[in-house]
Amino acid sequence: QVQLVESGGGLVQPGGSLRLSCTGSGDTSTINTVAWYRQSPGSQRDLVANISSEGTSYVDFVKGRFTISRDNAKNTVFLQMNDLKPGDTAVYYCTMRIVQGLRSNDYWGQGTPVTVSS
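In short, a report on the structure. (Residues numbered from 1 in each chain as written. Predicted model: local features only at pLDDT ≥ 70, side-chain atom pairs only at ≥ 80, totals over all residues. Heavy atoms only, no water.)

### Side note on the sheet that holds strand S3 (residues 18–26)
Adjacent strands of a sheet pair through backbone hydrogen bonds, lying either parallel or antiparallel. Here 4 strands make up an open sheet; going across it, the order is S1-S3-S8-S7 and the pairing antiparallel. With partners counted over all chains shown, the strands left at the sheet margins are strand S1 (2–7) and strand S7 (66–71), one partner each. Looking at each pair of strands side by side, their axes are set apart by 15 degrees on average, direction ignored. (Pairing = 2+ DSSP bridges. Helix = DSSP H or I, 4+ residues; strand = E, 2+ residues; numbered from the N terminus. Axes fitted to C-alpha atoms, helices over the stretch in contact; angles between N-to-C directions.)

Below, the structure written as structure tokens:
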């Protein structure tokens, strides 16, 4: 079993910063791709950033403001969010693709809410 636990969300004013964390526990011996998604009310869940074997990528609306990073020793992925805008308000989810035996399985955290408002 694998569990992903996110933290770091909250209420922040426009222009502020937050740092999200996501730590995996359980059978996490080989973590491949890690990513952050977000979902606003009434909207689909959208990719924000990921780290894969091909490198790091971001969607256009967060480039230059968000930074994804990982600490492999701690099975943790981070999302540093700067210059936050009201449009960044959403529930943020992390996901990890973990190799287990001959298969790769995707696991999701429970989500952490981020509200950007004055």
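### Side note on the pattern of salt bridges
Across all of its chains, the model carries 5 salt bridges by this definition. We note a salt bridge from arginine 65 to aspartate 88, for which the minimum N-O separation is 2.7 Å. Taken as a pair, arginine 65 in the loop between strand S6 (55–58) and S7 and aspartate 88 in the loop between strand S8 (76–81) and strand S9 (90–100) lie far apart in primary sequence, 23 residues in all. A relative accessible area of 10% means that arginine 65 is categorised as buried. Look at aspartate 88 and you get buried, because its relative accessible area is 2%. Taking the shortest distance from any N to any O, the salt bridge between aspartate 83 and lysine 85 comes out at 3.4 Å. (Salt bridge = Lys/Arg side-chain N within 4 Å of Asp/Glu carboxyl O. Buried < 20%, exposed > 50% of the residue type's maximum accessible area, 1.4 Å probe, protein only.)

### A few points about the packing of aromatic side chains
Under the criterion given, the structure shown has 1 aromatic pair. The positively charged end of arginine 19 is found above the aromatic ring belonging to phenylalanine 78, 4.0 Å away from the centroid. Across from the ring centre of tryptophan 108, 4.9 Å away, lies the NZ or CZ of arginine 45, which sits over that ring. (Phe/Tyr/Trp six-rings, centres within 6.5 Å; stacked < 30°, edge-to-face > 60°. Lys NZ or Arg CZ within 6 Å of the ring centre and 35° of its normal.)

### What to know about the environment of methionine 81
Residue placement: methionine 81 occurs in strand S8. On a C-alpha basis, the gap between methionine 81 and threonine 67 in space is 6.6 Å, while along the polypeptide they are 14 residues apart. Not counting residues within four places of it along the chain, the set of residues in contact with methionine 81 comprises Gly16, Ser17, Leu18, Leu20, Arg65, Phe66, Tyr92 and Val114. (Contact = heavy atoms within 4.5 Å.)

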